2 protein chains.
Amino acid sequence: MAKRKDKIKLGAFLLFTGHHVAAWRHPNASVGTEFDNYVELAKLAEAAKFDTIFLADGVAARIKDVEAASRKAHSGVYPFEPITLLSALSSVTRNIGLIATASTSYSDPYNLARQFGSLDRLSGGRAGWNLVTSADPDAAFNFGHETQILHSDRYERAEEFADVVLGLWDSWEDDAFLRDRASGRYFDPAKLHRLNHSGRHFKVRGPLNIPRSPQGRPVVVQAGASEPGKELAARTAEAIFAAQITLEEATGFYADVKGRLTKYGRSHDDLKILPGIFPVVARTRSEAEEKFEALQELIQPEVGLNLISQLSGVDLRDYPLDGPVPENPPATNAGKSRQALVLDLARRENLTIRQLYLRIAGARGHWQVVGTPDDIADQLEERFENYGADGFNIMSPIMPGGLSDFIELVVPELRRRGLFRHEYEGTTLRENLGLKHPENSRATGKSGAVAAE
Amino acid sequence: MAKRKDKIKLGAFLLFTGHHVAAWRHPNASVGTEFDNYVELAKLAEAAKFDTIFLADGVAARIKDVEAASRKAHSGVYPFEPITLLSALSSVTRNIGLIATASTSYSDPYNLARQFGSLDRLSGGRAGWNLVTSADPDAAFNFGHETQILHSDRYERAEEFADVVLGLWDSWEDDAFLRDRASGRYFDPAKLHRLNHSGRHFKVRGPLNIPRSPQGRPVVVQAGASEPGKELAARTAEAIFAAQITLEEATGFYADVKGRLTKYGRSHDDLKILPGIFPVVARTRSEAEEKFEALQELIQPEVGLNLISQLSGVDLRDYPLDGPVPENPPATNAGKSRQALVLDLARRENLTIRQLYLRIAGARGHWQVVGTPDDIADQLEERFENYGADGFNIMSPIMPGGLSDFIELVVPELRRRGLFRHEYEGTTLRENLGLKHPENSRATGKSGAVAAE
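This write-up is about the structure you can find in this document. Everything numeric in this text was worked out from a predicted model, so none of it was measured.

Analysis parameters
- Residues numbered from 1 in each chain as written.
- Chains lettered and ligands numbered in written order.
- Predicted model: local features only at pLDDT ≥ 70, side-chain atom pairs only at ≥ 80, totals over all residues.
- Heavy atoms only, no water.
- Helix = DSSP H or I, 4+ residues; strand = E, 2+ residues; numbered from the N terminus.
- Rg over C-alpha atoms; globule rule 2.2 N^0.38 Å.
- Contact = heavy atoms within 4.5 Å.
- Areas by Shrake-Rupley, 256 points an atom, 1.4 Å probe, with all protein chains shown as cover.
- Lys, Arg positive; Asp, Glu negative; His and termini not counted.
- Charge placed at Lys NZ, Arg CZ, Asp CG, Glu CD.
- Pairing = 2+ DSSP bridges.
- Axes fitted to C-alpha atoms, helices over the stretch in contact; angles between N-to-C directions.
- Phe/Tyr/Trp six-rings, centres within 6.5 Å; stacked < 30°, edge-to-face > 60°.
- Buried < 20%, exposed > 50% of the residue type's maximum accessible area, 1.4 Å probe, protein only.
- Salt bridge = Lys/Arg side-chain N within 4 Å of Asp/Glu carboxyl O.

1. What to know about the overall build of chain A
Phase 1: Each helix and strand counted, chain A has 14 helices and 14 strands in total.
Phase 2: The C-alpha atoms of chain A give 23 Å as radius of gyration, which agrees with the globular expectation for 453 residues (22 Å, within 12%).
Phase 3: Counting only C-alpha atoms, chain A reaches 80 × 55 × 45 Å along its principal axes.
Phase 4: Of all intrachain contacts in chain A linking residues separated by at least 6 positions in sequence, the fraction that spans at least 24 positions is 77%.
Phase 5: As displayed, chain A has an accessible area near 17100 Å², and 49% of this comes from carbon and sulfur atoms.
Phase 6: Averaged over its 55 positive side-chain charges, chain A has a centre that lies 5 Å from the centre of its 61 negative ones.

Here is the structure:
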């Protein structure tokens with residue numbers, strides 16, 4: 001196979017204290033809930049020339065099992081809301097992209113388009129919006145609903161939401177604001193465009209009351225891997241944070257999504273696929289394994305049992321931890337979509353209850369690689385060269401140490417292999433990701449005449 | 001009258017390019033649409049020990065008369081959205097308060113509570129929320145409505161919105177997060193409180209998924225002067241940006257609103273009243289008048305006629321600018337609430353059409369003082385000592401020069417008179433404004449037992 005000509009893109013998925021479920025208990029992990037902790041991480045990633053920092057989000061605390069929740073750092077309670085946090089980070093960074101997650105189910109498109117447009121302008125063209133539909137059933141109860149919104153309804157709304165937001169971002173042409181003191185003309189009315197959207201979920205007249213940004217508009221990112229999620233991504237997204245585990249799954253997903261682009265008049269390079277990876281790296285394999293084990297030992301049984309319950313829908317709290325997984329355990333009210341998968345794993349490998357939760361709890365179901373810098377670089381190179389990924393979203397087990405380990409040990413190896421940049425290519429997120437500057441869909445090329453309606 | 005023991009509070013009302021309607025055309029005004037312009041203004045105000053910077057907002061461009069709109073800087077199109085802009089400024093300032101305007105009619109209380117809570121945490125306890133109900137009729141069309149929302153409906157929603165937001169800000173007690181590595185307890189379940197709000201407009205379970213801030217919660221600010229506006233302020237606000245013009249109006253408003261506090265169990269000091277002032281200052285009166293005239297001369301007739309139409313509901317575009325205001329001019333579709341006021345002014349003083357718009361256009365209806373540092377200080381002192389104000393929101397005619405003039409010329413005079421601080425009293429906005437740390441309304445004083453429901 002010919003070597004790819006482009007390079008690996010890297011994102012730092014920032015999660016306070018780290019991605020391992022027990023990271024917060026580790027003596028080397030920062031509590032991570034102060035703004036200065038995020039400044040440190042963002043500057044680390046920027047100094048290493050990462051493309052982006054990325055923030056997940058949810059709009060509900062996950063406290064149904066309050067005993068288990070109170071033993072975790074990540075119960076859906078975030079130290080900061082992502083749009084405000086990235087805005088604050090925009091003024092202390094210069095080059096790195098700033099991607100925040102925000103929900104189409106529980107936001108308003110005018111406000112969201114405006115805030116992301118504003119972040120994009122504040123940062124000189126470095127913003128990205130990770131579009132999610134919020135699968136968390138608890139979120140609905142914070143927004144007036146009696147029950148969770150159905151998956152199909154969420155995606156129908158998301159499709160229209162994306163259209164409204166993209167339309168609003170084209171309210172003003174790039175050169176609409178003249179600010180001509182002599183003639184007294186502040187903007188050119190011909191370069192202003194109302195949206196006049198009227199659909200099933202939204203009625204939005206526009207225009208958006210904020211000018212365009214240096215990169216035209218924020219980069220649209222997505223994560224959903226369902227059929228409607230892939231279709232929405234192929235139509236509107238410019239990056240995907242994928243979650244496939246094996247190489248085969250990754251290349252399959254990659255080919256599937258990229259194959260959908262042409263029917264929307266888009267090309268292979270218009271969408272970057274960036275799987276998440278949970279890397280535990282050290283100079284030797286045994287050292288890396290020790291690092292991982294030190295984290296695993298900090299997982300509390302309440303937390304492990306809660307995760308089994310969440311994933312498999314069975315309640316194992318009344319059974320001995322170091323005994324076998326019982327044949328017909330009692331069911332909980334939680335979802336059962338992965339029940340067979342989890343219980344089959346326990347039976348196939350003859351795991352105790354504790355061994356079962358240790359297997360699924362640490363990286364919380366993400367692609368996990370424990371090894372030397374060469375091991376990690378091999379894995380990334382293989383996935384990149386085989387078109388399973390255009391880059392990776394690094395989910396460091398503990399912060400800030402996990403991120404600085406990756407930067408000190410793995411990034412130089414990727415550079416040695418010619419797989420990662422030495423300097424930023426441009427000043428905007430689009431330029432660094434290798435995405436085109438988006439033309440304004442409403443631009444007419446005219447000026448002077450009134451085009452406000 | 002005994003001298004007041006407290007000191008004047010000062011806010012810098014930041015508006016890009018300046019508050020005069022034609023400021024953007026003045027050669028000394030900054031275009032003001034870059035982030036660096038706001039950094040400069042915020043640092044200027046902070047170096048002078050101002051209490052706050054303040055940002056107005058609206059959620060619609062005002063482009064109905066696109067010809068007039070295209071000749072103004074302030075047509076409702078802002079360079080940045082306020083919450084994101086203040087978040088970005090939070091990381092390059094240390095002491096100054098950060099007050100953003102946000103609408104109860106076109107926002108969601110969970111998202112708003114979370115973003116302001118986040119800004120409050122990012123800034124170390126310096127955030128304030130200016131609660132508005134958005135009178136602008138164009139805003140409704142960007143949020144699914146067919147017509148403007150009635151004033152009474154907006155205030156009914158605002159009352160409930162404020163209750164939800166204040167309740168959500170008490171979701172976690174100040175010391176709820178233990179983060180105790182040894183025991184494995186991340187938070188104390190007894191210090192977590194769900195809201196379980198169910199009202200006419202909102203159904204919100206809670207808790208908010210963000211911890212409390214160093215000042216407990218953001219400072220609540222209001223501007224409305226209507227009867228329901230004053231009542232809502234007396235019940236919930238901690239500062240009011242008032243807009244009264246004369247001393248008599250100001251002292252009347254002050255006594256009226258402060259008089260309403262006791263019925264809500266609040267005291268005189270729990271609410272600060274801060275009128276806006278549009279100061280044009282120079283070392284001599286004639287120099288100040290020249291400064292003002294130089295701005296007035298830049299007002300374009302289209303802009304002046306549009307302002308007359310907006311305030312009075314009459315269309316004077318077909319009459320000679322330097323001729324008299326006609327007896328029965330044609331009406332427009334705009335509001336007519338101040339028709340008599342504006343036309344009476346023209347007749348009483350025998351003004352031409354041009355003279356009429358010059359009288360009302362410059363400071364856009366705000367309290368305007370043109371004079372020497374002593375003149376301005378005299379006016380502020382009189383209003384403060386007579387309990388017409390607890391401080392002032394400075395609306396500089398042009399930026400940054402108008403603000404730096406006020407700081408260089410007026411602030412030292414206020415200090416000389418013992419009316420303004422030399423150093424910040426504290427690190428939070430509440431401490432500087434002289435407001436109490438709010439107790440958590442849900443706190444039980446217990447710990448250990450589950451209080452999540």
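2. Some thoughts on the pairing of strand E5 (residues 177-180) of chain A
Residue and element names in this part refer to chain A.
Phase 1: Here E5 runs beside strand E6 (residues 185-187); their pairing, made up of two bridges, is antiparallel. In the sheet register, aspartate 180 faces E6, and the bridge partner there is arginine 185.
Phase 2: Linking E5 back to E6 in an antiparallel pair, the connection comprises four residues, with glycine 184 at a positive phi of about 80°.

3. Points about the sheet that holds strand E3 (residues 97-103) of chain A
All names here are of chain A.
Phase 1: Pairing within the open sheet is parallel, and its 10 strands lie in the order E11-E10-E9-E4-E3-E2-E1-E14-E12-E13. Looking at the sheet topology across the chains shown, the edges are occupied by strand E11 (272-273) and strand E13 (368-371).
Phase 2: Across two bridges, strand E9 (residues 219-222) lies against strand E10 (residues 239-240) in parallel orientation. Paired with glutamine 222 across the bridge in E10 is isoleucine 240.
Phase 3: On top of the sheet, helix H6 (residues 227-236) reaches strand E4 (127-132), E9 and E10; it is set at about 165° to E9, its chief contact.
Phase 4: In this fold helix H13 (residues 401-416) packs onto strand E1 (9-13), strand E12 (276-281) and strand E14 (391-394), with an angle of close to 95° to the strand it touches most, E12.

4. What about the packing of aromatic side chains?
Remark: the centre distance and the inter-plane angle together describe each pair of aromatic rings, the angle taken between the planes.
Phase 1: Inspection of every chain in the model, using the stated rule, returns 36 aromatic pairs over all chains.
Phase 2: A centroid spacing of 6.1 Å and a plane angle of 65° characterise the contact between A:Phe177 and A:Phe187, whose relative ring orientation is edge-to-face. In this pair, A:Phe177 is assigned in strand E5 and A:Phe187 in strand E6, connecting sequence segments 10 residues apart.
Phase 3: Note on A:Phe187: relative accessible area 0%, which makes it buried.
Phase 4: For the ring pair B:Tyr106 and B:Phe143, a centre distance of 5.0 Å and an interplane angle of 25° mean the geometry is stacked.

5. Some words on the pattern of salt bridges
Phase 1: Scanning the model with the defined rule gives 78 salt bridges over all chains in all.
Phase 2: Close ionic contact of A:Lys263 with A:Glu231 constitutes a salt bridge, the shortest N to O distance being 2.7 Å. Of the two residues, A:Lys263 is situated in the loop between helix H7 (247-259) and E11 and A:Glu231 in helix H6; the sequence distance between them amounts to 32 residues.
Phase 3: A:Lys263 gets classed as exposed once you look at its relative accessible area, which sits at 56%.
Phase 4: Notably, a salt bridge pairs B:Glu423 with B:Lys49, separated by 3.4 Å at the nearest N-O pair. Note that B:Glu423 is positioned in the loop between helix H13 (401-416) and helix H14 (429-433) and B:Lys49 in the loop between helix H1 (35-47) and strand E2 (52-55), a separation of 374 residues in sequence.
Phase 5: Bridged by salt links that share partners, the residues A:Lys3, A:Asp374, A:Asp378, A:Glu381, A:Glu385, A:Glu413, A:Arg416 and A:Arg417 form one connected network.

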